[in-house]
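Coordinate inspection notes
Okay, here's what each chain looks like letter by letter:
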Amino acid sequence: HPSLTSGHLDRKGQLEDIGDKENIHNIYLRAEIQTLRRLPHSNFILFTVDSLTDPISSILTHPTAAAALQSRLESLGHEMAQYKGVTPTIRENLIAALRTAAATTPRNTT
């Protein structure tokens with residue numbers, strides 16, 4: 001998150017300044033994969049979290065992924081958007097960019 005590296009810890013989650021259309025590629029998508037596993041010999045439970053981070057630009061090159069993320073952002077409730085740091089400006093501009101990307105037809109590379 002940009003506010004963590006700039007020393008503005010009080011601004012965590014406030015990304016309004018990078019939500020404009022010119023800076024949309026400065027936004028990253030972060031996802032977590034969480035698993036529970038039982039260890040065979042001890043029967044202990046192991047909880048793991050794998051974090052994945054990709055720039056939005058990587059999503060914009062895949063129409064199906066762009067359409068899925070667009071749908072998710074459109075259905076995201078206000079409270080959850082606020083919790084995730086998605087401001088109204090970011091949301092609006094991301095949805096527009098994702099809509100455009102989703103409408104493109106992938107090129108045949110063969």
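Residues numbered from 1 in each chain as written. Predicted model: local features only at pLDDT ≥ 70, side-chain atom pairs only at ≥ 80, totals over all residues. Heavy atoms only, no water.

What follows is about helix α3 (residues 63–75). Here α3 contains 13 residues, and its C-alpha end-to-end distance of 18 Å stays within 8% of the 18 Å for a straight helix at 1.5 Å per residue. Of all the residues in α3, the buried ones are P63, A66, L69, Q70 and L73. All buried residues of α3 fall inside an arc of 125° around its axis, so they share one side. Those residues of α3 that are exposed and aimed more than 90 degrees away from the buried face are T64 and S75. For α3, the elements touching its buried residues are β1 (28–38), α2 (56–60) and α5 (88–102). (Helix = DSSP H or I, 4+ residues; strand = E, 2+ residues; numbered from the N terminus. Expected span 1.5 Å × (residues − 1). Buried < 20%, exposed > 50% of the residue type's maximum accessible area, 1.4 Å probe, protein only. Arc of directions from axis to C-beta. Contact = heavy atoms within 4.5 Å.)

Another point: the pattern of salt bridges. By the definition in use, this model includes two salt bridges. Two residues, R30 and E32, come together in a salt bridge whose shortest N-O distance is 3.0 Å. Accessibility expressed as a relative area gives 53% for R30, which makes it exposed. (Salt bridge = Lys/Arg side-chain N within 4 Å of Asp/Glu carboxyl O.)

Interpretation in functional terms is not warranted from these geometric data alone.
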